[in-house]
Amino acid sequence: MKQFLSFVLKESRHILRDRRTMLILFGMPVVLMLLFGFAITNDVKNVRTVVVTSQMDQRTQQAVDRLAASEYFSIIATVGTSREAELLIRSQKADISLIPSLTQKEKGGGHYWQIMADGSDPNMAQQWVTYAQAILSQPANSKNGPVLKLLYNPQMKSAYNFVPAIMGMLLMLICAMMTSISIVREKEKGTMEVLLVSPVRPLMIIVAKAVPYLVLAFLILITILLMARYVLGVPLAGSIVWIVVVSAIYILLALSLGLLISNVAQSQLVALLMSAMVLLMPIVMLSGMLFPIESMPTILQWVSAVVPPRYYIEAMRKLMIMGVGIEEVAREVLILSCMTLLLLAVSLAKFKNRLE
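Residues numbered from 1 in each chain as written. Predicted model: local features only at pLDDT ≥ 70, side-chain atom pairs only at ≥ 80, totals over all residues. Heavy atoms only, no water.

### Some words on the overall build of the protein chain
Working step 1: Scanning the protein chain for helices and strands turns up 13 helices and four strands.
Working step 2: Here the protein chain, with 356 residues, has 43% of them falling under the buried criterion.
Working step 3: Considering only residue pairs separated by 6 or more positions, the protein chain has 74% of its internal contacts joining residues 24 or more positions apart.
Working step 4: About 18900 Å² of surface is accessible on the protein chain, with carbon and sulfur atoms providing 63% of the total. (Helix = DSSP H or I, 4+ residues; strand = E, 2+ residues; numbered from the N terminus. Buried < 20%, exposed > 50% of the residue type's maximum accessible area, 1.4 Å probe, protein only. Contact = heavy atoms within 4.5 Å. Areas by Shrake-Rupley, 256 points an atom, 1.4 Å probe, with all protein chains shown as cover.)

### Side note on the confidence of the model for the protein chain
Working step 1: Mean pLDDT over the protein chain: 79, with 84% of residues reaching 70 or higher.
Working step 2: The secondary structure element of the protein chain with the lowest average pLDDT is helix 7 (residues 192–196), at 62, and the one with the highest is helix 12 (residues 308–322), at 90.
Working step 3: Here residues 104–109 is modelled with pLDDT under 50, and outside its nearest four sequence neighbours on either side it reaches three contacts, counting other chains as well. (pLDDT = per-residue confidence, 0-100.)

### Looking at the pairing of strand 2 (residues 73–79)
Working step 1: Pairing of strand 1 (residues 47–52) with strand 2 involves six bridges; the strand directions are parallel. Among the inter-strand pairings, Val51 is bridged to a residue of strand 2, identified as Thr78.
Working step 2: Read as a crossover between parallel neighbours, the route from strand 1 over helix 3 (residues 58–69) to strand 2 is right-handed. (Pairing = 2+ DSSP bridges. Right-handed = clockwise from strand over helix to strand, strands pointing away.)

### Some details on the packing of helix 9 (residues 240–264) against helix 10 (residues 268–286)
Working step 1: One way to put it is that helix 9 packs onto helix 10 with a least axis distance of 10 Å and a crossing angle of 130°. For the element pair helix 9 / helix 10, the angle class is oblique. Between helix 9 and helix 10 lies a crossing whose hand is right-handed. The residues of helix 10 that touch helix 9, namely those facing Leu257, Ile261 and Val264, are Ala271, Met274, Ser275 and Leu279.
Working step 2: In the contact of helix 9 with helix 10, the residues fall into six nonpolar, one polar and no charged. (Axes fitted to C-alpha atoms, helices over the stretch in contact; angles between N-to-C directions. Parallel < 35°, antiparallel > 145°, perpendicular 65-115°, else oblique. Left-handed = near helix turned anticlockwise from the far one by under 90°. Nonpolar A, V, L, I, M, F, W, Y, C, P; charged D, E, K, R; others polar.)

### So, a nonpolar patch on the surface
Working step 1: Nonpolar side chains collect at one region of the surface, where Leu34, Val215, Leu219, Ile222, Leu226, Tyr230 and Val231 lie side by side and expose about 660 Å² of accessible area between them.
Working step 2: By residue number, the principal contributor to the nonpolar patch is helix 8 (residues 202–230), which donates five residues.
Working step 3: Take Leu219: it is sitting in helix 8.
Working step 4: The partly exposed category is assigned to Leu219, whose relative accessible area is 40%. (Patch = residues over 30% accessible without salt bridge, like charges linked within 9 Å, V, L, I, M, F, W, Y side chains within 5 Å. Salt bridge = Lys/Arg side-chain N within 4 Å of Asp/Glu carboxyl O.)

### Some points on the packing of aromatic side chains
Working step 1: Tallied over the entire structure, the rule returns two aromatic pairs.
Working step 2: Between the aromatic rings of Tyr72 and Tyr131, the centroid separation amounts to 4.8 Å while the plane-to-plane angle is 85°, which identifies the pairing as edge-to-face. Placement of Tyr72 in the loop between helix 3 and strand 2 and of Tyr131 in helix 5 (residues 122–136) is noted, with a sequence separation of 59 residues between them.
Working step 3: Relative to Tyr312, the ring of Tyr250 lies with its centre 4.1 Å away and its plane at 10°, an arrangement referred to as stacked. Remark: Tyr312 occurs in helix 12 and Tyr250 occurs in helix 9; sequence separation between them is 62 residues. (Phe/Tyr/Trp six-rings, centres within 6.5 Å; stacked < 30°, edge-to-face > 60°.)

### Comments concerning helix 12
Working step 1: Over its 15 residues, helix 12 runs 21 Å from end to end, which matches the ideal 21 Å to within 8%, given 1.5 Å per residue.
Working step 2: Among the 15 residues that make up helix 12, eleven are buried, leaving the element largely enclosed by the rest of the structure.
Working step 3: Those residues of helix 12 lying buried are Pro308, Pro309, Arg310, Tyr311, Tyr312, Ile313, Ala315, Met316, Leu319, Met320 and Ile321.
Working step 4: Just past helix 12, the residue Gly323 takes up positive phi, approximately 70°. (Expected span 1.5 Å × (residues − 1).)

### Points about the pattern of salt bridges
Working step 1: Evaluation of the coordinates by the stated rule reveals six salt bridges.
Working step 2: The partner of Arg90 in a salt bridge is Glu86, and the shortest N-O contact between them spans 3.0 Å. In this pair, Arg90 and Glu86 are both assigned in helix 4 (residues 82–90), four residues apart and thus about one turn of the helix distant.
Working step 3: Since its relative accessible area comes to 60%, Arg90 is described here as exposed.
Working step 4: The exposure class of Glu86 is partly exposed, given its relative accessible area of 23%.
Working step 5: A salt bridge links Glu332 to Arg331, with the shortest nitrogen-to-oxygen separation between them at 3.6 Å.
Working step 6: The buried category is assigned to Glu332, whose relative accessible area is 2%.
Working step 7: By relative accessible area, Arg331 is classed as partly exposed at 47%.
Working step 8: What emerges from the salt-bridge pattern is a single network uniting Arg310, Glu314, Lys318, Arg331 and Glu332.

### Describing helix 10
Working step 1: In this model helix 10 runs 26 Å from its N-terminal to its C-terminal C-alpha over 19 residues, within 8% of the 27 Å that 1.5 Å per residue would give.
Working step 2: At Ala276, helix 10 shows its largest bend, some 30°.
Working step 3: Those residues of helix 10 not exposed but buried are Ala271, Ser275, Leu279, Pro282, Ile283, Val284 and Leu286.
Working step 4: In this fold, the buried residues of helix 10 make contact with helix 6 (159–189), helix 9, helix 11 (298–304) and helix 12.
Working step 5: Where helix 10 terminates, the next one or two residues include Gly288, which has phi positive at roughly 85°. (Bend = angle between axes of the 7 residues up to and from the residue.)

So this is what it looks like as C-alpha cells:
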C-alpha cells in the first residue's frame, strides 16, 4: 500500500508541476462555463423587429404593442411596404418583419399576419416565428387568453440546457485525454518498462496514475456545480448525492476509455489526436449537447446510441433541472454502468496482452 501511495504522490507532483496542465484542467471549465452561460446562448431576446403599417388598425396595433412590451422583441422601425421590410432584413438591420393584413370578407373579415424572418439560422428563425405567433395570437383581453406555464425553466435560460452538457464534455475530455496522455508519456520516455518491473503490480501502477485525475475530476465537478448555482443561477433541483454518484460512474467510464486509448497510441500526439477524433466531435455533435437527437437522421441517432455523454447529459438534465429521483434515470445509469464495465474489461485485457 505504501508503494501504491508513492506512485500516486509521484503522479500528483508531476501534474502540479506542469502549469500548462493545471491551466487546462481548471481554466477550461471556468472559461467554458462563462462562455456558454453568458456569451453563447440561444435565448430569444431583443429580436430586431420591423412592422409594416400599410394595413394597421386598432386590433393589429394592440397586438404589436403586446409584442413590443415583451422582452423577446424590439420594434426598431415601421415601414410602409413589405418590400422595405425585406430590404432591412437583407441588409442585416432587422431579424424579423410583421405584415398585418385583413382576410377577405367571405373568410370572415378577420386578421392574419405574414411573418418574414431571416432564415440564415433556421433554428433561431423557427424560435422567433413561434414566439411571435404566440404573442400575436393572444386576444386583446388577456384574461380570456391561454395561460402559458413553462416547467423547470420558466425564464427560458440557455444555461439550464448547457450546464449538464458542459459537465459531460469536460469530464470526458479531461479524464480520458489526460489519462491517456499521462500513460503514453511514460511509454515515450521509456520509463514505463522501468515502472512495470518494480515490485508494484502493473495494474496498481495504472490505477495509481489514474487516481490523481479521478480526484481532479471531482474537484472540477464541484467547481462546475458551484459556478452553475451561484454564477449562472442554475438550480440544483435534484439530490446532490445522486448527482455525484452518477458523475462518479461517468468519470470511471472516461478513465477506462483513456486507458484504452493509451494502449493503442504510441505517442502523446497520437493520443491527443485520437482523443479529439474519438471524443470531441461525437460529444459536440451526437450527444444532444447542441442539437436535439430526435432531429437527427435515423442513422446518426443509431450512432449516438454508443456515445456515452449522451446518457450522462440526459441524466444530469433530469436530476439537476427537473429534480427527479434516481428511479427516473435508472435507464441512463444502467447503460453508463454497462459501458464502464465493458470499457474497463477491454482496456485491462489489452494492457495485459501488451505486457505478455
